[in-house]
Amino acid sequence: MSAEDRASERRQESGGASRRRAPVVSTKGPVLSLVINVWRVSLLFVFWHFVGALVWLRTHTRLPRWLGSDGREVAVRLWTIAWLTFVWVLLWGTLSWANVIGGVVLATLVLTVLPLPRVPVEGRIHPLSVLQLVFRLIVDFFVSSVQIGWMAIRPGRPPLGAVVRVRVAIKSDMVLTLAVDYLNLVPGTMVLEIDHRRRMLYVHVFDVRSEKKVRAFYDQVAYVERMFIKAFERDSEWHPSPFHGIDEDYHHVRAADRSVDTASPSEATETDRLPAETERERGDS
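Parameters at a glance
- Residues numbered from 1 in each chain as written.
- Predicted model: local features only at pLDDT ≥ 70, side-chain atom pairs only at ≥ 80, totals over all residues.
- Heavy atoms only, no water.
- Core = buried A, V, L, I, M, F, W, Y, C linked by side-chain atoms within 4.5 Å.
- Buried < 20%, exposed > 50% of the residue type's maximum accessible area, 1.4 Å probe, protein only.
- Helix = DSSP H or I, 4+ residues; strand = E, 2+ residues; numbered from the N terminus.
- Contact = heavy atoms within 4.5 Å.
- Pairing = 2+ DSSP bridges.
- Axes fitted to C-alpha atoms, helices over the stretch in contact; angles between N-to-C directions.
- Parallel < 35°, antiparallel > 145°, perpendicular 65-115°, else oblique.
- Left-handed = near helix turned anticlockwise from the far one by under 90°.
- Nonpolar A, V, L, I, M, F, W, Y, C, P; charged D, E, K, R; others polar.
- 1 Å grid on protein atoms, 1.4 Å probe; cavity = no way out; pocket = protein on both sides within 12 Å on 5 of 7 lines; lining within 4 Å.
- Points joined across faces, edges and corners; volume = space filled by probe spheres on them.
- Phe/Tyr/Trp six-rings, centres within 6.5 Å; stacked < 30°, edge-to-face > 60°.
- Lys NZ or Arg CZ within 6 Å of the ring centre and 35° of its normal.
- Patch = residues over 30% accessible without salt bridge, like charges linked within 9 Å, V, L, I, M, F, W, Y side chains within 5 Å.
- Areas by Shrake-Rupley, 256 points an atom, 1.4 Å probe, with all protein chains shown as cover.
- Salt bridge = Lys/Arg side-chain N within 4 Å of Asp/Glu carboxyl O.
- Expected span 1.5 Å × (residues − 1).

Caption draft 1: Inspection of the nonpolar core at higher detail. In terms of nonpolar packing, the biggest core is built from 30 residues, with Ile170, Tyr182, Leu183, Leu201, Val208 and Phe228 touching the most fellow members. Those elements giving two or more residues to this core turn out to be α5 (127-153), β1 (162-167), α6 (173-185), β3 (200-205) and α7 (211-232). Top contributing element to this core by residue count: α7, with ten residues. If we ignore the near neighbours within four places in the chain, the residues touching Tyr182 are Leu133, Arg136, Leu137, Asp140, Val224 and Phe228.

Structural data, given as structure tokens:
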């Protein structure tokens, strides 16, 4: 065998050896491995006892009554303290530990000495549904503004307004307030009265000259009702708060029975007179 052949074989053998996987040699000594194992066990030990301490605090401690009775009420109170602290720092105009601590102390004092009425926190917030609701509010605002502006300048008879009664299936007082604010923000509708027990709204509608316009109003209220329930109080997630202020007679009846008018005879008589008065006003106009 010539020298060139032997050199070629050596290159092939060295190339094959280099392609073989080199054995893994541990660089950790026994002492370092022991330290790492002890560290892992210590983390597990600390985490286990930390969770046990949280469970013990949960079962053996009570939060102040003004702070709330459940997790949601506590979250609302803490958020209120954080917001008041933020406003306090803004008023001073300087971010410092003294202003932050002073804001926390002042916010706690305000919530303790001057407590606001408890707002039941029920259901969950669904951001996508809320965004859809806000987008629809903006669209309704602009469309209604254009319609009312056109009615103000167009020739012909003035629009005929009326008070329309409509029932909603919103359970929470806070969500009902938001829905009423929605209707009040849209030009052409104004909520005049809320029957709290029967969840009835008396809404002044700007123009009810035709059945189509009345039907459009009812469709709008139905959409607002459906979207607010979808965004804040779905039936699968909603549960009444301990501070729920709604008459329990409403929640212990079936949905089909809630549509039955339970108005007193005097209220029914007054309601029956509304169509006749509306027709009289239409004839006068």
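Back to the text.
Caption draft 2: A look at the sheet that holds strand β2 (residues 189-195). Taken in spatial order, the three strands of this open sheet run β1-β3-β2, and their pairing is antiparallel. Across the chains shown, the open sheet's two edge strands, defined by having one partner strand only, are β1 and β2. Direction aside, neighbouring strands of the sheet carry axes that sit 25° apart on average. Alignment of β1 against β3, held across six bridges, turns out to be antiparallel. Residue pairing for β3: Val166 is matched across the bridge by Leu201. Contacts from α6 reach β2 and β3 within the one sheet, and its direction differs from that of β2 by about 150°. Sitting on the sheet, α7 touches β1, β2 and β3, and the angle it makes with β1 is about 40°.

Caption draft 3: Layout of the packing of α6 against α7. Contact geometry of α6 with α7 gives a least axis separation of 10 Å together with a crossing angle of 140°. As judged from the angle between their axes, α6 and α7 are oblique. Two packed elements cross with a definite hand, and for α6 against α7 that hand is right-handed. Each of Val175, Leu178, Ala179, Tyr182 and Leu183 in α6 lies in contact with α7, whose residues at this interface are Val221, Val224, Phe228 and Phe232. When the residues that make up the contact of α6 with α7 are grouped by side-chain class, the tally is nine nonpolar, no polar and no charged.

Caption draft 4: Inspection of empty space enclosed by the protein at higher detail. Per the counting criterion, the structure on display carries one cavity of 30 Å³ or more. Of the volumes computed, that of the largest cavity is approximately 40 Å³. Along the walls of the largest cavity sit Val168, Ile170, Ala179, Val180, Leu183, Leu201, Val221, Val224 and Glu225, which together make up its complete lining. Taken together, the elements giving at least two residues each to the lining of the largest cavity come down to α6 and α7. In terms of residue class, the lining of the largest cavity is built from eight nonpolar, no polar and one charged.

Caption draft 5: Layout of unusual backbone geometry. Despite not being glycine, Arg199 has its phi angle at roughly 55°, a positive value. Taking the relative accessible area as the measure of exposure, Arg199 reaches 1% and is therefore buried.

Caption draft 6: Main features of the packing of aromatic side chains. The full count for this structure, using the stated rule, is seven aromatic pairs. Judged by centre distance (5.8 Å) and plane angle (25°), the rings of Phe228 and Phe232 are stacked. Separated by four residues within a single helix, Phe228 and Phe232 lie in helix α7, roughly one turn from each other. The exposure class of Phe232 is buried, given its relative accessible area of 14%. Over the ring of Tyr223 we find Arg136; its NZ or CZ atom is 4.1 Å from the centre of that ring.

Caption draft 7: Inspection of a nonpolar patch on the surface at higher detail. A cluster of nonpolar side chains, namely Trp79, Trp83, Leu84, Phe86, Leu90, Leu106, Leu109, Val110, Val113 and Leu114, defines an oily patch on the protein surface of about 1000 Å² accessible area. Secondary structure elements with two or more residues in the nonpolar patch: α3 (71-92) and α4 (97-113). Among the elements that line the nonpolar patch, the one with the most residues is α3, at five residues. As for its placement among the helices and strands, Val110 is situated in helix α4.

Caption draft 8: Looking closely at α7. A rise of 1.5 Å per residue sets the reference length of α7, with its 22 residues, at 32 Å; its end C-alpha atoms lie 32 Å apart and thus fit the reference within 8%. Inspection of α7 places Val214, Phe217, Gln220, Val221, Tyr223, Val224, Glu225, Met227, Phe228, Ile229, Ala231 and Phe232 among the buried residues, and these make up the whole buried set. Where the residues of α7 are buried, they touch α5, β1, α6, β2 and β3.

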